[in-house]
Amino acid sequence: MKNLILLLLLSVSISSCAQKNAQNPYGLTIINDYKAYKADYKTHPNNELIEIKKAIPSIVLDIRYATKNNFMQQVMYKQARAFARKPVVEHLKKIQAILNRQGYGLKIFDAYRPYAITVAFYQKASDKNFVANPAKGSKHNRGCAVDLTIIDLKTGKDVPMPTPYDSFAPEAAPHFENLPAAIIKNRDFLIATMQANGFKVIYNEWWHFDFDGWQDYDLMDIPFEKL
Ligand SMILES: [Zn+2]
């Protein structure tokens with residue numbers, strides 16, 4: 001009898017373990033249940049994914065993954081929307097105000113990215129250095145990373161930067177020096193403004209900024225349509 005109970009307990013623990021692995025092959029905890037997410041942010045308001053354009057109406061969106069104009073040359077998002085966790089959006093709002101006073105504004109290429117999209121990027125990308133490994137997930141999956149540039153408010157045009165968005169060229173690195181002085185000045189102005197206000201640039205992409213404190217937020221896989 002004792003052996004039978006042990007056997008039962010063992011089989012239950014094995015099956016629950018197998019279930020967990022089936023959910024994510026890397027054993028990551030990923031929030032993919034909308035009701036659970038909603039219940040969570042009712043008690044932890046900072047966990048809410050806020051629609052950036054609603055919180056900051058003057059911000060310009062150019063959501064490349066909702067078009068074919070991206071390194072995948074495929075439409076990856078069904079909707080051209082951008083979300084980030086509440087404190088991330090609050091910091092972006094402050095940055096937008098700082099930039100506006102100097103004649104500039106933010107343009108967002110990408111923000112929260114559902115985990116399933118990160119998996120698809122990794123499977124298809126030619127240069128794995130530029131895409132997040134699904135074994136770890138991306139800070140975009142946590143609603144804590146933003147890809148952006150700045151525009152000149154007078155012309156509405158992008159301020160010239162070292163490379164286009166999502167370029168895999170070495171010039172995309174934030175410390176690449178062999179560039180015209182005016183380009184370096186623009187890039188360093190963007191990075192300095194972001195880094196003075198709660199974000200850090202990633203080592204190989206001048207446009208990608210991680211929110212300080214991203215460690216406090218779970219990976220998520222809820223599509224835009226549900227948000
Ligand atoms: Zn990014």
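In this convention, every chain numbers its residues from 1, walking through the sequence in written order. Given that this is a predicted model, residues contribute local features only at a pLDDT of at least 70 and side-chain atom pairs are listed and counted only at 80 or more, while totals for whole chains, interfaces and linings are drawn from all residues. With hydrogens and water set aside, each side-chain value is computed from the structure's full complement of heavy atoms.

Engineer: An account of the pairing of strand β7 (residues 199-202) is needed here, citing residue identities and associated values.
Structural biologist: When DSSP finds at least two bridges between two strands, those strands are taken to pair. By the criteria applied, helices consist of DSSP H or I runs no shorter than four residues and strands consist of E runs no shorter than two, each listed in order from the N terminus. Note: β7 against strand β8 (residues 205-211), four bridges, orientation antiparallel. Looking across to β8, one finds that Lys-200 is bridged to Asp-210. Here β7 folds back onto β8 in antiparallel fashion, the turn holding two residues.

Engineer: Tell me about the side chain of Arg-64, and name the residues and values.
Structural biologist: For Arg-64, the location among the structural elements is in the loop between β3 (60-61) and β4 (83-85). To sort residues, take the accessible area from a 1.4 Å probe on protein chains only and compare it with the maximum for the residue type: under 20% means buried, over 50% means exposed, and anything in between is partly exposed. A relative accessible area of 14% places Arg-64 in the buried class. Beyond its immediate chain neighbours, meaning those up to four positions away, Arg-64 contacts Asn-69, Asn-70, Phe-109 and Tyr-165. It only takes one pair of heavy atoms within 4.5 Å for two residues to be counted as in contact.

Engineer: Outline the coordination of the zinc ion, supporting the account with residue identities and numerical values.
Structural biologist: The zinc ion binds to the protein through His-140 (NE2), Asp-147 (OD) and His-208 (ND1), with metal-donor distances spanning 2.0 to 2.1 Å. Positions of the donor residues of the zinc ion, expressed as sequence spacing, correspond to H-x6-D-x60-H. In this pair, His-140 sits in the loop between α5 (115-124) and β6 (145-152) while His-208 sits in strand β8, placing the two residues 68 residues apart along the sequence. Judged by relative accessible area, which is 2%, His-140 ranks as buried. Since its relative accessible area comes to 6%, His-208 is described here as buried. Counted as donors are the N, O and S atoms within 2.8 Å of the metal, or 3.2 Å for Na, K and Ca, while water is not among the atoms, so some sites may look incomplete.

Engineer: Go over the side chain of Thr-118, please, and point to the residues and values.
Structural biologist: Positionally, Thr-118 belongs in helix α5. According to the relative accessible area criterion, Thr-118 is buried, its value standing at 1%. There is a polar contact of 2.8 Å between the side chain of Thr-118 and the side chain of Asn-141. Other than its neighbours up to four places away in sequence, Thr-118 contacts Arg-113, Ala-132, Pro-134, Ser-138 and Asn-141. Polar contact is defined as a pair of N or O atoms within 3.5 Å, subject to the rule that within protein one atom must be able to donate a hydrogen and the other to accept it, and that residues adjacent in sequence are counted only when both atoms are side-chain atoms.

Engineer: Residue-level account of helix α4 (residues 86-101), with values.
Structural biologist: Expected span of a helix: the number of residues minus one, times 1.5 Å. The end-to-end C-alpha distance of α4, which contains 16 residues, comes to 23 Å, matching closely the 22 Å that a straight helix rising 1.5 Å per residue would cover. Those residues of α4 not exposed but buried are Pro-87, Val-88, Val-89, Leu-92, Ile-95, Gln-96 and Leu-99. Looking one or two residues past α4, Gly-103 carries a phi angle of roughly 90°, positive in sign.

Engineer: Got a sec to walk through the layout of surface pockets? Specific residues and values, please.
Structural biologist: Estimates place the volume of the largest pocket at around 520 Å³. Points on a 1 Å grid, built from protein atoms alone, make a cavity when a 1.4 Å probe fits but cannot get out and make a pocket when they are open with protein on both sides within 12 Å along at least 5 of 7 lines; residues with an atom within 4 Å of a point are the lining residues. Together, 26 residues line the largest pocket, and Val-131, Ala-132, Asn-133, Ser-138 and Ile-202 are the ones closest to its centre. A per-element tally of the lining of the largest pocket places β8 first, with four residues. Taken together, the residues that form the lining of the largest pocket break down as ten nonpolar, seven polar and nine charged. Grid points are joined across faces, edges and corners, and a volume is the space filled by probe spheres set on the points. By volume, the second largest pocket amounts to about 200 Å³. As for the second largest pocket, its lining consists of eleven residues, of which Gln-23, Leu-28, Thr-29, Ile-30 and Asn-32 are closest to the centre. Secondary-structure elements contributing two or more residues to the lining of the second largest pocket are α1 (2-23) and β1 (30-31). Here the term charged refers only to Asp, Glu, Lys and Arg, the term nonpolar to Ala, Val, Leu, Ile, Met, Phe, Trp, Tyr, Cys and Pro, and the term polar to all other amino acids, Gly among them. Counted by class, the lining of the second largest pocket contains four nonpolar, four polar and three charged residues.

Engineer: I'd like to hear about the packing of aromatic side chains, residue by residue, with values.
Structural biologist: Between the rings of Phe, Tyr and Trp (Trp by its six-membered ring), a pair exists once the centres lie within 6.5 Å; its type follows the angle of the planes, with under 30 degrees stacked, over 60 edge-to-face, and the other angles tilted. By the definition in use, this model includes 16 aromatic pairs. Measuring from ring centre to ring centre gives 5.4 Å for Trp-206 and Trp-207, while their planes differ by 85°; the resulting arrangement is edge-to-face. We note that Trp-206, like Trp-207, is buried. An aromatic cluster of at least three residues, connected via ring pairs, comprises Tyr-65, Phe-71, Tyr-77, Phe-83, Phe-109, Tyr-112, Phe-121, Tyr-165, Phe-168, Trp-206, Trp-207 and Phe-224. Should the NZ of a Lys or the CZ of an Arg lie within 6 Å of a ring centre and within 35 degrees of the ring normal, that charge is described as sitting over the ring. Its guanidinium or amino end placed over the ring of Trp-214, Lys-139 lies 4.4 Å from that ring's centre, counting from NZ or CZ.

Engineer: Talk me through the pairing of β6; I want residue IDs and the actual numbers.
Structural biologist: Note on strand geometry: in a regular strand, side chains alternate between the two faces of the sheet. Most of β6 sits inside the fold, with seven of its eight residues counted as buried. By the bridge criterion, six bridges tie strand β5 (residues 104-110) to β6 in an arrangement that is antiparallel. If you follow Lys-107 over to β6, its bridge partner there is Thr-149. Of the strand pairs in this sheet, β6 and β8 are connected by three bridges, and their pairing is antiparallel. By the bridge assignment, Val-146 is partnered in β8 with Phe-209.

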